[in-house]
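# Commentary on secondary and tertiary structure
The chain contents come next:
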Amino acid sequence: MATAHAAAATDAGPKAGGGGTGRRAPRGRVAAVLGRHPVGLLLAAPYAVFVAAVFAYPLGFAIWMSFHDYFFAAPGAVVDRPFVGLDNYRAVLVDPQVRQAFGNIGVFLVINVPLTAVLALLLAVALNKAVRARMFLRVAFYVPYVTASVAVVGVWLFLFNSEGLVNQLLGPLAPDPSWLVNEGLAMPVIAVFVAWKQLGFFILLYLAALQNVPKELYESAAVDGASAWARFRSVTVPAVRPATALVVILATITGANLFTEPYLLTGGGGPSGSSASPVLVMYQRGIQQGQPDVAAAIGVLLVIGVLVISAINRRLLERD
Amino acid sequence: MAGTPGKRATGGRLTTVLRTVALFGGALVFLFPFYYMFVGSLQAEPDTSPAGAFPTSGLTLDNYRDINSRVDLLGSLVNSGIFTGGVILGTVVFGLLAGYALARLRFRGRGTLFALVLLVQVIPFQLLLIPLYVLIVRGYGLADSYLGMILPFAINTTAVFVFRQFFLQLPDELFAAARIDGAGELRVLWSVALPLVRPALLTVVLLTFIGPWNEFLWPFLVTKQADMQPLAVSLANYISNVAARAANPYGAVLAGACVLAAPAVGLFLAFQKYFVSTDIGSGVKG
């Protein structure tokens, strides 16, 4: 906004001074109102309209809905949707299935986020130094990210079912009940699956960050006799800290969006709801059971949770 | 690199070996499921023993015939293609215009719009899921339509970012020269900016492709008619409803998975040098 004002003020200069010619004055006036390149408004308009229609309006609608008694009615029917205050939130907070879903996502994040950040950083550092087969290795780590979840879920079901290859290899060590039908293991398996699936993207983020680490830091650390591990700890890790903050936030958002994996890998969030995610419960409440107001309240709580985690993460990672 | 030569050399060699082992071990873990997907899709009888991962005989295309008889593969692929194509078209056209305007033109509200772009990046889709469903499916009656599928993804903020970054990198003289020659802003966009934008265009198309092609949740909500569903949705419905009753359910699922995975993986392999880390980084960081 500041830039636009500044540009407009500069352009308005000649007119305000009274020295503008007849041809320049209207142009100056237009510029004062719309900026030096009014055509920019035209070019940016579709994006602005889209943001308003697909983000801003639904966002406001979601919050409005969560404070009203909203239900599906026949198209065109005029129905009363009374304000109910915090009733929907109260209903959500006492619902054991919703509580369980938020607990499940907590388990997910505790496993998935550190696993993602640590593995992505270590692999990015190794890849950055690798000379041979660099392209092959990059492609290998990135392939799961470009593949549809639905497709790779198919092969994970095959690998992790009770008769699957993983249990065949483990033999007597195989868990009973098996991975995806075990209350204690279903969510951890999903957390590992998502880490595996998304890791390539986070490796790329770290690779980009590593390009910007000044070489001199490594050289002076090497002169001081620092070991490879000490250089990693005292040079690399602090230098990529902004990237780490980003990775943690993006991994948290990905985790909060979890739906496909519990829906398909564990047959709709089983066993006994131990792998149900908040978005899965939103889908069940809002669309299957026709309570969009309750579902909207779950969405608002989920987003507040993500914002709180992001804020804490910024505090922790951005202080020096 | 300075230091005590002898000590550094051995330490260096050890780390190199460790690094190589870790990298290739990791690559194996990442690629094995894809190999196993393909092998499993060709096996008449699912063999989950370790030896079954390296079959020597009994390979067949029956699973592909089987999944094709239960899911209209060709029709679903066409739906996936239309959905993906529509999203790419909208993303490229509108993203290009907005990215160019944000990078190169001074107009009122530009700062506000850019702040909005940054904000949109952090609004999680799950908060919008229910209101978008209510609006698009219930309000506008766009259930079981391509438009309903495409609409929420038609403009992508990451694409706006990539284009903006690209246009910011171009030297100002290119644009100034055209303006001195008397070209209007639209003319500058058409004759100067567009011909230069090809590398960024490819990045955006590739980055955009995998989104709708792999998207499951939204088309799953919008499409209830089987003949409108993209392949990801048809296959997911097969996995959750039918698979339990089929003769070789995993074989058919894996065959469908290969068909769904192949276009995205193929495109990625063909163009992987364009998936540059800096582009992705700029797309996310702004």
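Rules behind the numbers
- Residues numbered from 1 in each chain as written.
- Chains lettered and ligands numbered in written order.
- Predicted model: local features only at pLDDT ≥ 70, side-chain atom pairs only at ≥ 80, totals over all residues.
- Heavy atoms only, no water.
- Helix = DSSP H or I, 4+ residues; strand = E, 2+ residues; numbered from the N terminus.
- Contact = heavy atoms within 4.5 Å.
- Axes fitted to C-alpha atoms, helices over the stretch in contact; angles between N-to-C directions.
- Left-handed = near helix turned anticlockwise from the far one by under 90°.
- Nonpolar A, V, L, I, M, F, W, Y, C, P; charged D, E, K, R; others polar.
- Phe/Tyr/Trp six-rings, centres within 6.5 Å; stacked < 30°, edge-to-face > 60°.
- Buried < 20%, exposed > 50% of the residue type's maximum accessible area, 1.4 Å probe, protein only.
- Buried area = accessible area lost by both parts, 1.4 Å probe.
- Salt bridge = Lys/Arg side-chain N within 4 Å of Asp/Glu carboxyl O.

What follows concerns the side chain of Thr 208 of chain B. The residue Thr 208 of chain B is located in helix α10 (residues 198-214) in this model. With sequence-adjacent residues up to four places away left out, Thr 208 of chain B is seen in contact with Val 87, Ile 88 and Thr 91 of chain B.

This part covers the packing of helix α6 (residues 134-146) of chain A against helix α13 (residues 249-271) of chain B. The contact between α6 of chain A and α13 of chain B brings their axes to 9 Å, and the two run at 145°. Both α6 of chain A and α13 of chain B take part in a crossing whose hand is right-handed. Between α6 of chain A and α13 of chain B, the residues in contact are Val 139, Tyr 142, Val 143 and Val 146 of chain A and Ala 264, Val 265, Phe 268 and Leu 269 of chain B, respectively. Counted by class, the contact of α6 of chain A with α13 of chain B contains eight nonpolar, no polar and no charged residues.

A word on the packing of aromatic side chains. For the structure on display, the rule yields 42 aromatic pairs over all chains. An angle of 20° between the planes, with centres 6.5 Å apart, marks the rings of Phe 67 of chain A and Phe 83 of chain A as stacked. One end of the pair, Phe 67 of chain A, is in the loop between α3 (39-66) and α4 (87-94); the other, Phe 83 of chain A, is in the loop between α3 and α4, with 16 residues separating them in the sequence. Relative accessible area serves as the criterion here: at 60%, Phe 83 of chain A is assigned to the exposed category. Ring centres of Phe 201 of chain A and Phe 202 of chain A lie 5.5 Å apart, and the angle between their planes is 70°; on these two criteria the pair is classed as edge-to-face. In this pair, the class of Phe 201 of chain A matches that of Phe 202 of chain A, namely buried. Feature note: the residues Phe 141, Trp 156, Phe 160, Trp 179, Phe 193 and Trp 196 of chain A together with Phe 30 and Phe 34 of chain B constitute an aromatic cluster, connected by ring pairs.

This part takes up the interface of chain A and chain B. Contact with chain A, which involves 96 residues of that partner, is made by 93 residues of chain B. Between chain A and chain B lies a buried interface of about 8,700 Å² when both sides are counted; carbon and sulfur atoms form 80% of it. When the area that chain A buries against chain B is broken down by residue, the three leading residues are Leu 43, Tyr 47 and Phe 158 of chain A, summing to 10%. Our enumeration of links across chain A and chain B arrives at zero salt bridges. By residue number, the principal contributor to the side of chain A that touches chain B is α3 of chain A, which donates 18 residues. Of the residues assigned to the side of chain A that touches chain B, the class counts are 77 nonpolar, 14 polar and five charged.

In short, shape yes, function no, at least from these values alone.
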